[in-house]
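A closer look at the structure
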Amino acid sequence: MDLLIPLICAFIITFMVIHWVIPIAEKVGLVDIPKGRKQHTGRVPLIGGFAIYFSILITSMLFIPSSKMLNVYLVSASWILFIGLLDDKYDIPVRYRLVSQVIVASMMIFGAGIYLTNLGDLLGFGIINLSFLGVFVTVLAVIGAINAFNMVDGIDGLAGMLSLTSFAGLAFLLSRAGSDWYLMSLMFIAALIAYLMFNLGWPTKILKKIFMGDAGSMLIGLTVVWLLVIGADSSLQAFRPVTALYLVAIPLMDMAAIMFRRINKGDSPFKPDTNHLHHIFMRAGFTQKQALIIISLFASVFTFIGVISEIYQIPEVIMFAGFLVAFACYSYAILHAWQILSWFRSNI
């Protein structure tokens, strides 16, 4: 019962805030208008991120023990939400978003005092200590995670479903280590379920459609990487650093692969296009729902492998090699998507 109360509160607050804020978003023009890559119907309110943030703000203050680290997280989340809302409304330049991400990374490192101190025994020769490089690696990790979840938010429910799998894995591993931060993961899951009911029109189409917007995807990315750094910290050691790769595998691999392709073409790595994994599925004839289910299942498998490997303490060098092989297969599959998807469709 003690666990259910904060989850129910997170769900109800998110649900109610969405209802209350939809008319305001429509009035001030905080809506997504179909054009270019955006093929949805009608003007869709971009308030999912705000509703999730407000819910987490209230429930974390009520149910998570107060600490400097929590306060710094909430300030960081407020800042990234503000920048995300500005981007949703005015489509601000990439450089402003990157500066904002560096700022929240600095809050994490110098305000909360958490950053990556080592990468574990990735190569089989002992722990790779980062020393002062840990600050720079953490900044890159924050920027990478925020943009990974932001970039993957391309079809209904995808960012929400992928983050659900990440938060589920984090909740289990942090709880297993006795960290109070596991509750943050569970509250995000509850809030995301409420959001997905509107976004996916489940279980009824009566609910008005909304998007989480950049504010929501950036907030999720920040929270996931925040919990990953806490969990991988040597003082807690809820999981080894290599396990983090499995908890965010699909967003991370999709971002890395598409950035490489953009740079290889001479484009900006942040230039929007329609070459993400979900776009490829849809061009191959899959519906949005089918693409969502398949990609979410892949993400769940990676999270499951990461959690099981952590429980049974599979050597880090094997886990890292396995992830590299998976990424190589993913990159090959993207380059040969049409042949593979044609075979896949003819055999399901």
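Our structure's up above, just so we're on the same page.
Presented here is a report on the structure given in the accompanying data block. (Residues numbered from 1 in each chain as written. Predicted model: local features only at pLDDT ≥ 70, side-chain atom pairs only at ≥ 80, totals over all residues. Heavy atoms only, no water.)

Quick look at the overall build of the protein chain
Within the protein chain, the secondary structure is distributed over 14 helices and two strands. For 348 residues, the compact-globule estimate of 2.2 N^0.38 gives 20 Å, and the C-alpha radius of gyration of the protein chain, at 19 Å, lies within 12% of that figure. Judged by the C-alpha coordinates and their principal axes, the protein chain covers about 55 × 50 × 40 Å. Across the 348 residues in the protein chain, those meeting the buried criterion constitute 52%. Of the contacts formed within the protein chain by residues at least 6 apart in sequence, a portion of 73% connects residues at least 24 apart. As displayed, the protein chain offers around 15900 Å² of accessible surface, 69% of which is attributable to carbon and sulfur atoms. Distance between charge centres in the protein chain, computed from 21 positive and 17 negative side chains, equals 10 Å. (Helix = DSSP H or I, 4+ residues; strand = E, 2+ residues; numbered from the N terminus. Rg over C-alpha atoms; globule rule 2.2 N^0.38 Å. Buried < 20%, exposed > 50% of the residue type's maximum accessible area, 1.4 Å probe, protein only. Contact = heavy atoms within 4.5 Å. Areas by Shrake-Rupley, 256 points an atom, 1.4 Å probe, with all protein chains shown as cover. Lys, Arg positive; Asp, Glu negative; His and termini not counted. Charge placed at Lys NZ, Arg CZ, Asp CG, Glu CD.)

A look at the packing of helix α3 (residues 68-90) against helix α4 (residues 94-111)
For the pair α3 and α4, interaxial distance at closest approach is 9 Å and the crossing angle is 175°. What the angle tells us is that α3 and α4 run roughly antiparallel. Taken together, the residues of α4 that come into contact with α3 (itself represented by K68, V72, V75, S76, W79, I80, I83 and D87) are R97, S100, Q101, I103, V104, M107 and G111. (Axes fitted to C-alpha atoms, helices over the stretch in contact; angles between N-to-C directions. Parallel < 35°, antiparallel > 145°, perpendicular 65-115°, else oblique.)

Points about the side chain of Q101
Within the fold, Q101 resides in helix α4. A residue is classified by how much of its surface remains accessible, and Q101, at 1% relative accessible area, is buried.

Topic: the pattern of salt bridges
A side chain of one charge can pair with a side chain of the opposite charge if their charged atoms are brought near each other. Counted under the stated rule, the structure contains four salt bridges. Ionic pairing is found between R240 and E310, a salt bridge with its closest N-O pair at 3.3 Å. Taken as a pair, R240 in the loop between α8 (213-232) and α9 (241-247) and E310 in helix α12 (residues 288-311) lie far apart in primary sequence, 70 residues in all. (Salt bridge = Lys/Arg side-chain N within 4 Å of Asp/Glu carboxyl O.)

A look at unusual backbone geometry
Look at Q237: it is not a glycine, yet its phi comes out positive at around 50°. Within the secondary structure layout, Q237 lies in the loop between α8 and α9. Relative accessible area serves as the criterion here: at 38%, Q237 is assigned to the partly exposed category. Of note in this structure, Q313 is not a glycine but carries a positive phi near 50°. By the secondary structure assignment, Q313 is in the loop between α12 and α13 (316-335).

Some remarks on the nonpolar core
One broad rule of soluble globular proteins: the nonpolar side chains tend to lie buried together. Membership of the largest hydrophobic core comes to 113 residues, with the highest contact counts inside it found for Y73, F167, L170, W181, M184, F188 and W226. In terms of residues, this core owes the most to one element, helix α7 (residues 182-199), which gives 14 residues. Residues in contact with W181, not counting those within four places in the same chain, are M69, L70, Y73, L174, W226, L227 and I230. (Core = buried A, V, L, I, M, F, W, Y, C linked by side-chain atoms within 4.5 Å.)

Some details on the side chain of S185
Along the chain, S185 falls in helix α7. What makes S185 buried here is its relative accessible area of 0%.

What to know about the packing of aromatic side chains
Applying the stated rule across the entire model yields nine aromatic pairs. Residues Y73 and W226 carry aromatic rings whose centres are separated by 5.4 Å and whose planes lie at 70° to one another, so their mutual orientation is edge-to-face. Taken together, the residues span a long stretch of sequence, with Y73 in helix α3 and W226 in helix α8 at a distance of 153 residues. Exposure class is identical for Y73 and W226. Each is buried. (Phe/Tyr/Trp six-rings, centres within 6.5 Å; stacked < 30°, edge-to-face > 60°.)

A look at helix α6 (residues 158-176)
Structurally, the α-helix is built with 3.6 residues per turn, so residues lying three or four positions apart point the same way. Here α6 spans 27 Å end to end across 19 residues, near enough to the 27 Å set by a 1.5 Å rise per residue. Across the 19 residues that make up α6, a large majority, 14, are buried. Looking one or two residues past α6, G178 carries a phi angle of roughly 80°, positive in sign. (Expected span 1.5 Å × (residues − 1).)

Things to note about a nonpolar patch on the surface
A cluster of nonpolar residues, F172, I311, Y312, I314, V317 and I318, forms a patch on the protein surface that exposes about 530 Å² of accessible area. Tracing the chain through its elements places F172 in helix α6. (Patch = residues over 30% accessible without salt bridge, like charges linked within 9 Å, V, L, I, M, F, W, Y side chains within 5 Å.)

With respect to helix α2 (residues 48-63)
Here α2 is 16 residues long and its end C-alpha atoms lie 22 Å apart, about the 22 Å a rise of 1.5 Å per residue gives. The inward-facing, buried residues of α2 contact α1 (4-28), α3, α7 and α8.

This is a description of form; function is not addressed.
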